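# Fold and contact review
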Amino acid sequence: MPGQSLLPGFDAAPQLTDRLFFAIFPDAGAAAQIARLAQQLREEHGLRGKPLKTERLHVTLHHLGDYAGLPQDLVEVACAAAASLAAAPFDVTFDRAASFSTAPRNRPFVLRGGDGVASLIAFQQTLGDALKKTVLGRWAKPAYTPHVTLLYDDRSVPEQAVPAISWTASEFVLIHSLIGQTLHMPLARWSLRA
């Protein structure tokens, strides 16, 4: 319980320092377009949040948990599940922007899509099915709203149409993120092939 001292011989819960997730990254051209749009929308809406760095812009497919240290055994399970997939490249289009949370502070301001993310949703579900066959199955969530986080801000912005940004997803990546350090390190990549 909060405020309760620890009993002798019992340590505090370990600090969570490492995050694992599968993601799709936009190609360089689309990432540059997204970065420009983020800056434009930030100015239009008077947002103060700092836009994410271009190289960090991504679409999370599945969050695989936060850990105290990198769990190499789970990395191996995730890699095996990903390697079991056979999927063709697919197009992704985002054409709307909105605040993504009702939290009072630090709301994600994101790109979203309509019909242009149907193939992305289907791929995410296929990857989720592969994860369900492993100990990582609990991370395969049935509800999925694809998005690209642009920045975080306390202000809420209602959904609006934006110029469409598209790219062809040709690979997906397992990312090791150091929590609170804005550092994403690719651990493995898998090509999507026709």
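Whatever comes next refers back to the structure up there.
Below you will find a few notes about this structure. (Residues numbered from 1 in each chain as written. Predicted model: local features only at pLDDT ≥ 70, side-chain atom pairs only at ≥ 80, totals over all residues. Heavy atoms only, no water.)

Paired through backbone hydrogen bonds, the strands of a sheet run either parallel or antiparallel to each other. Ordered by their spatial adjacency, four strands build an open sheet running β2-β1-β7-β8, and the pairing between neighbours is antiparallel. The outermost strands of the open sheet, each flanked by one partner alone, are β2 (59-67) and β8 (183-191). When the angles between neighbouring strand axes are averaged without regard to direction, this sheet yields 20°. Against the sheet, helix α2 (residues 72-83) makes contact with β1 (18-24), β2, β7 (171-178) and β8, and its axis sits at roughly 35° relative to β8, the strand it touches most. Across the sheet, helix α3 (residues 118-132) is in contact with β1, β2 and β7; its angle to β2 comes to roughly 35°. (Pairing = 2+ DSSP bridges. Helix = DSSP H or I, 4+ residues; strand = E, 2+ residues; numbered from the N terminus. Axes fitted to C-alpha atoms, helices over the stretch in contact; angles between N-to-C directions. Contact = heavy atoms within 4.5 Å.)

Attention now goes to the packing of aromatic side chains. Per the counting criterion, the structure on display carries six aromatic pairs. Geometrically, the ring pair formed by phenylalanine 94 and tryptophan 167 is stacked, given 5.8 Å between the ring centres and 25° between the ring planes. Remark: tryptophan 167 occurs in strand β6 (residues 160-169) and phenylalanine 94 occurs in strand β3 (residues 90-99); sequence separation between them is 73 residues. With a relative accessible area of 1%, phenylalanine 94 lands in the buried category. Overall, tryptophan 167 belongs to the buried group, its relative accessible area being 4%. (Phe/Tyr/Trp six-rings, centres within 6.5 Å; stacked < 30°, edge-to-face > 60°. Buried < 20%, exposed > 50% of the residue type's maximum accessible area, 1.4 Å probe, protein only.)

Judged by nonpolar contacts, the single largest core of 50 residues is most densely connected at Phe22, Leu111, Leu120, Trp167 and Phe172. Residue contacts for tryptophan 167: discarding those within four places in its chain leaves Ile24, Phe25, Pro26, Asp27, Ala30, Ile34, Val59, Phe90, Asp91, Val92, Phe94 and Val148. (Core = buried A, V, L, I, M, F, W, Y, C linked by side-chain atoms within 4.5 Å.)

Structural measurements only, silent on function.
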